[in-house]
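# An overview of the molecular structure
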Amino acid sequence: MLPRQMSWTQYAIKRTLSSVFVLFGASVVIFSIVRLIPGDPAQVLLGDTAREQQLEVVRRELGLHRPVWEQYFIWLSDVLTLDLGRSYMNNQLITELLAIRYPRSLQLAVLTMILATAIGVPLAIWGASNRNTSKDYVALFFSQFGVSIPSFFLGVVLILLFANLIPIFPPSGYHSFFDHPLANFVHLVLPVVTLTVINAAIITRYLRSEMLENLNSEYVQTARAYGHSERRIVLKYVAKNALIPTITVIGIQFGGIIGGVVIIEEVFSYPGIGLLLLDSILRRDYPVIQMSLLAIAATFIVVNLIVDLVYGYLDPRIRH
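This is a predicted model, so every value here is computed, not measured. Each chain carries its own residue numbering, running from 1 in the written order of its sequence. With pLDDT at 70 or above as the cut-off, local features in this predicted model cover only qualifying residues; side-chain atom pairs require 80 or more to be listed or tallied, and sums for whole chains, interfaces and linings still use all residues. Excluding hydrogens and water, the side-chain figures rest on all heavy atoms present in the structure.

## Some details on the UniProt feature "transmembrane region" (unreviewed entry) in the chain
Put simply, the test is: UniProt positions are given in the numbering used here, feature names are shortened, and annotations may be inferred rather than shown by experiment. For helices the rule is a DSSP run of H or I covering at least 4 residues; for strands it is a run of E covering at least 2, with both sets numbered from the N terminus onward.
UniProt records the feature "transmembrane region" (unreviewed entry) at residues 20–37, 106–126, 138–165, 185–207, 242–268 and 288–314, using the numbering of this structure. Helix makes up 100% of residues 106–126 and strand makes up 0%, while its end C-alpha atoms are separated by 30 Å. Measuring from the first to the last C-alpha atom of residues 288–314 gives 39 Å, for a span that is 100% helix and 0% strand.

Structure below.
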């Protein structure tokens, strides 16, 4: 007997509930890891010359004298009521910090995935439909190059080439799109290109493999026997089927960009959530670290939930 197939609504509810539990687990891990960071926030605030009595007063003001489990549940209840707290260092509302920094990183990730998909998908189709030719070798070289090169190294090379040797683009900084649209675009070019090369290579590599596997399938042989042209087979049948699992890879990459912007934002001094997270770690600013990591984790979970729902709609087999 075949297993019962869930409706898409049932599948969506099940995946949403599981994502909520994953986010809860991520909050526990994040809170625990942050407490393992060496250093004392009170010591950072008061300096090395502070006496123990002064440090103890600051710890009580920050709530650090309570047991770790109690600190966690206080933090979780505050997050659930949208009270994200304040930074230890400048007393600024974390809501304001994230409202400024997060959209910048999101803009970087969205532009990267649009370009990476626009480059990777056609290149994979072009290479797979011309297997073992010079066209296919171009796609293979690009995918191998992008997968192999570290993002920070490529970023530094682009800065040396297009900011120092040929000063076309600025090596760092940021301008708001609403204040200076052109300056915003110019400052995004180098970090977006760096991330696009790597992510487009991953899409090319994965989609090409999926297409080659589909080209050897029986339904392709049947289509050829019926006299369909190779172009029609590749574009209408093979590419369409190969793109379904590729959607999952694209979703994971998008979440990975948000989570991995720390390196790129540090290389280009791009003031997004990654640079905020790095600065907060150096200053032992626990509330900002926790909320930055939770925002990154929530983005990754939500994006993958959306991808799973789309995948479940396009491919009913996974709802069994």
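Back to the text.
## Describing a nonpolar patch on the surface
Test applied: Think of a patch as exposed residues, more than 30% relative accessible area, with no salt bridge, where like charges cluster within 9 Å and nonpolar side chains (Val, Leu, Ile, Met, Phe, Trp, Tyr) cluster within 5 Å. Under the convention used here, a 1.4 Å probe and the Shrake-Rupley method define accessible areas, while residue burial counts only the protein chains that appear. Any carboxyl oxygen of Asp or Glu that lies within 4 Å of a side-chain nitrogen of Lys or Arg is treated as forming a salt bridge with it.
Side chains of Trp8, Val302, Ile306, Val310, Tyr313 and Leu314 sit close together on the surface and give an oily, nonpolar patch of about 570 Å² of accessible area. Broken down by element, the residue count for the nonpolar patch peaks at five residues, all from helix H13 (residues 286–314).

## Topic: the UniProt feature "domain: ABC transmembrane type-1" (unreviewed entry) in the chain
Residues given the UniProt feature "domain: ABC transmembrane type-1" (unreviewed entry) here are residues 102–311. Span residues 102–311 is 82% helix and 0% strand, its end C-alpha atoms 27 Å apart.

## Remarks on the environment of glycine 39
With respect to the helices and strands, the residue glycine 39 is situated in the loop between helix H1 (8–35) and helix H2 (41–46). Put simply, glycine 39 and arginine 283 are 244 residues apart on the chain and 9.0 Å apart in space, counted from C-alpha to C-alpha.

## Looking at the packing of helix H12 (residues 273–282) against H13
To keep things clear, this is the line we draw: Working convention: axes come from line fits to C-alpha atoms, limited for helices to the stretch in contact. Angles between N-to-C directions cover 0 to 180 degrees. Relative orientations are named as follows: roughly parallel for angles under 35 degrees, roughly antiparallel for angles over 145 degrees, roughly perpendicular for angles from 65 to 115 degrees, and oblique for any other angle. Each crossing gets its handedness from the near helix: less than a right angle anticlockwise from the far helix is left-handed, clockwise is right-handed. We call two residues in contact when some of their heavy atoms are within 4.5 Å. Under the scheme applied, nonpolar residues are Ala, Val, Leu, Ile, Met, Phe, Trp, Tyr, Cys and Pro; charged residues are Asp, Glu, Lys and Arg; polar residues are all the others, including Gly.
The contact between H12 and H13 brings their axes to 9 Å, and the two run at 150°. The orientation of H12 relative to H13 falls into the category roughly antiparallel. Crossing of H12 over H13 shows left-handed handedness. Contacts between H12 and H13 involve Ile273, Leu276, Leu277, Ser280 and Ile281 from the first element and Val288, Ile289, Ser292, Leu293, Ala295 and Ile296 from the second. When grouped by side-chain class, the residues that make up the contact of H12 with H13 number nine nonpolar, two polar and no charged.

## Description of the packing of helix H5 (residues 94–128) against helix H6 (residues 134–148)
Where H5 meets H6, the axes come as close as 7 Å, and the angle between the chain directions of the two elements is 140°. If you check the angle between H5 and H6, you find them oblique. In this structure, H5 meets H6 at a crossing whose hand is left-handed. Contacts between H5 and H6 involve Ile119, Leu123, Trp126, Gly127 and Ala128 on the former and, on the latter, Lys135, Asp136, Val138, Ala139 and Phe142.

## Some details on the pattern of salt bridges
Short version of the rule: When accessible area is computed with a 1.4 Å probe and restricted to protein chains, residues below 20% of their type maximum are described as buried, those above 50% as exposed, and intermediate ones as partly exposed.
With the rule as written, the count across this model stands at five salt bridges. Salt-bridge contacts for glutamate 56 lead to arginine 59; the nearest nitrogen and oxygen are separated by 3.3 Å. Here glutamate 56 pairs with arginine 59, and both are found in helix H3 (residues 52–62), just three residues apart, close to one helical turn. Taking relative accessible area as the criterion, glutamate 56 reaches 30% and is therefore assigned partly exposed. Taking relative accessible area as the criterion, arginine 59 reaches 17% and is therefore assigned buried. Put simply, arginine 60 and glutamate 56 hold a salt bridge, and the shortest N to O gap is 3.9 Å. In this pair, arginine 60 and glutamate 56 are both assigned in helix H3, four residues apart and thus about one turn of the helix distant. Of the residues examined, arginine 60 reaches a relative accessible area of 52% and is grouped as exposed. Connected through salt bridges with shared partners, the residues Glu56, Arg59 and Arg60 form a single ionic network.

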